[in-house]
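Spelled out from the first residue to the last, the chains are:
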Amino acid sequence: MGDRHMSAEDRRPAAPRECDDLTYVVTTSRRYDPRLAELAMGWAERLDARFVPRAERSLQALCGEEGVDAVLTVTAERVSLIIPAEDVKYFFHPSMARVRIRNLIEGMGDPMVTAMGLAEGDRVLDCTLGRATDATVASWVVGEEGRVVGYEAHPLVAALTIDGLEHYEIAGRGVQEAMRRIDAREGDCARVLPTLETGSFDVVYFDPFFEHALERSQAMRPLRRIGVHDRIVTDTFAQARRVARRCVVIKQGREERFADLPGVEDVVAGGGSRVEYVLLSAAKRRDV
Ligand SMILES: C[S@@+](CC[C@H](N)C(=O)[O-])C[C@H]1O[C@@H](n2cnc3c(N)ncnc32)[C@H](O)[C@@H]1O
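Residue positions are counted from 1 within each chain, in the order its sequence is given. Residues qualify for local features only when their pLDDT is at least 70, as the model is predicted, and side-chain atom pairs are given and counted only at 80 or more; totals for whole chains, interfaces and linings, by contrast, use all residues. Hydrogens and water are ignored here; the side-chain numbers use all heavy atoms of the structure.

**Student:** Let's hear about the confidence of the model for the chain: which residues, and what values?
**Tutor:** Residues with a pLDDT of 70 or more make up 90% of the chain, whose mean pLDDT is 90. Low pLDDT, under 50, characterises residues 1-14; the stretch is placed with 30 contacts to residues that sit more than four places away or in other chains. A score from 0 to 100, pLDDT tells how confident the predictor is in each residue. Contacts are assigned to residue pairs with any non-hydrogen atoms lying within 4.5 Å of each other.

**Student:** Go over the layout of surface pockets, please, and point to the residues and values.
**Tutor:** With a 1 Å grid spanning the protein atoms alone, the term cavity applies to any set of points in which a 1.4 Å probe fits but cannot get out, the term pocket to an open set with protein on both sides within 12 Å along at least five of seven lines, and the term lining residue to any residue with an atom within 4 Å of a point. Grid points are joined across faces, edges and corners, and a volume is the space filled by probe spheres set on the points. Taken as a whole, the second largest pocket spans an internal volume of roughly 400 Å³. Lining the second largest pocket are 18 residues, and of these Glu-77, Arg-78, Val-79, Asp-163 and His-167 lie nearest its centre. Partitioning the lining of the second largest pocket into residue classes produces nine nonpolar, three polar and six charged. Taken domain by domain, the makeup of the lining of the second largest pocket includes at least three residues from each of domain 1 (17-89) and domain 2 (97-287). Residue polarity is assigned by list, with Asp, Glu, Lys and Arg as charged and Ala, Val, Leu, Ile, Met, Phe, Trp, Tyr, Cys and Pro as nonpolar; anything else, Gly included, falls into the polar class. For the domain bounds, the source is a domain assignment made automatically or taken from a database.

**Student:** So what's going on with a negative patch on the surface? Residues and values would help.
**Tutor:** The patch calculation keeps residues exceeding 30% relative accessible area without a salt bridge and links them within 9 Å when they carry like charges or within 5 Å when they are nonpolar (Val, Leu, Ile, Met, Phe, Trp, Tyr). What sets the accessible areas is the Shrake-Rupley method with a 1.4 Å probe; for residues, cover comes only from the shown protein chains. Think of a salt bridge as a Lys or Arg side-chain nitrogen and an Asp or Glu carboxyl oxygen that are within 4 Å of each other. In summary, the charge assignment counts Lys and Arg as positive and Asp and Glu as negative, without counting His or the chain termini. By convention, the point assigned to a charge is CZ for Arg, NZ for Lys, CD for Glu and CG for Asp. The grouping of Glu-120, Glu-144, Glu-145 and Glu-177 at the surface amounts to a negative patch. The secondary structure listing takes helices from DSSP runs of H or I that are at least 4 residues long and strands from runs of E that are at least 2 residues long, numbered from the N terminus. Relative to the assigned elements, Glu-120 resides in the loop between helix H4 (111-116) and strand S6 (123-126). A 1.4 Å probe rolled over the protein chains alone gives each residue an accessible area, and that area as a share of the maximum for its type sets the label: buried under 20%, exposed over 50%, partly exposed in between. On the accessibility criterion, Glu-120 (66% relative accessible area) is exposed.

**Student:** Lay out the packing of aromatic side chains in plain terms, naming residues and giving numbers.
**Tutor:** Only rings of Phe, Tyr and Trp enter the pairing, Trp through its six-membered ring, and a pair is recorded when the two centres are within 6.5 Å. The plane angle decides the type: under 30 degrees is stacked, over 60 is edge-to-face, the rest tilted. By the definition in use, this model includes three aromatic pairs. Here Phe-92 and Tyr-168 contribute two aromatic rings whose centre-to-centre distance is 5.7 Å and whose plane-to-plane angle is 75 degrees, an arrangement assigned as edge-to-face. Here the residue Phe-92 occupies a position in the loop between strand S5 (88-91) and helix H3 (97-105), and Tyr-168 occupies one in the loop between helix H6 (155-167) and helix H7 (175-181), the gap between them amounting to 76 residues. A relative accessible area of 9% means that Phe-92 is categorised as buried. A relative accessible area of 31% means that Tyr-168 is categorised as partly exposed. One aromatic cluster is present, built from ring pairs that chain together Phe-206, Phe-237 and Phe-258. Look at NZ for Lys and CZ for Arg. If either is within 6 Å of the ring centre and within 35 degrees of the ring normal, a charge sits over the ring. A cation over an aromatic ring shows up here: Arg-46 above the ring of Trp-43, its NZ or CZ 4.3 Å from the ring centre. Positioned above the aromatic ring of Phe-91 is the side chain of Arg-78, whose terminal nitrogen or guanidinium carbon lies 3.8 Å from the ring centre.

**Student:** Give a detailed account of the site of the ligand, specifying residues and quantitative values.
**Tutor:** One heavy atom suffices: a residue is near a molecule or strand as soon as one of its heavy atoms comes within 4 Å of it. In the vicinity of the ligand there are 20 residues, among which Asp-134, Glu-152, Asp-188, Asp-207 and Val-228 approach most closely. The separation between a nitrogen atom of the ligand and a polar main-chain atom of Cys-127 is 3.4 Å. Within the complex, the protein chains bury 95% of what would otherwise be the 610 Å² of accessible surface of the ligand. Looking at the shell around the ligand, the elements with two or more residues in it are helix H5 (133-142) and strand S7 (147-152). For the shell around the ligand, a count of residues per class yields ten nonpolar, five polar and five charged. Polar contact criterion, stated in full: a pair of N or O atoms within 3.5 Å, where within protein one must be able to donate a hydrogen and the other to accept it, and residues adjacent in sequence count only if both atoms are side-chain atoms.

Shown next, in the form of structure tokens:
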């Protein structure tokens, strides 16, 4: 990789950042803006990635010249991960959270909230945070007296979600406040769950990727490309049952059910015909 685009600001001569198999560098929009360059350098530092000046290059050219697959662009509008060769652009947004919250306000309910039996004051642990759409809905329901903690295993997705939950501005009754209240962290739930106290959350929630075509919506495509796809193993679900005081809820595709789930208590229909929520009972002390 040539370094002819590096400047004194480019403090990281190390290899580009690798996230699973995806390599990326950090840059700004085409037009030079010192404020954006400073912000972009901050992102690079936080992500332990390399900042490169944009120097009016197209993103395709920049990837070729820097020898990476993707670019994290910091612009006045947003921070996005772009994979030019695959036409993928990922950035934080709360997706359907506002619509789902409006449905709740209008008394139409929400399948996830029903499956969780969620009420004001509940403590929820989201083990697959993603863009925190589900966590935002949960946070709205549990309110100020409740608590939502979310873990996201992919460092870049986690960083964008943590930042988005802190800064994204959105209208809608209580939606933005619900986002701000979420305690979002980077972490693999398989490692985190064993460290948590027994019965420390009312509900523990999982929404892993479905691998089959049913969930391959365009809206999900960028997160699907970047996020972690490793299967959640039975031991992790067993730990979740220990940490849950009331239940564990797992979103799954009807054509892609988990095998060998411990303590299945019920299966509740999801919003469409292809999704359902599996409820696992909280583990009795002697089970753990
Ligand atoms: C289908 S998405 C979840 C979407 C999320 N429910 C939302 O509302 O935005 C799955 C997310 O879980 C993350 N993930 C997968 N395995 C994980 C693990 N073991 N621990 C934490 N996060 C994980 C993926 O990187 C991805 O962002």
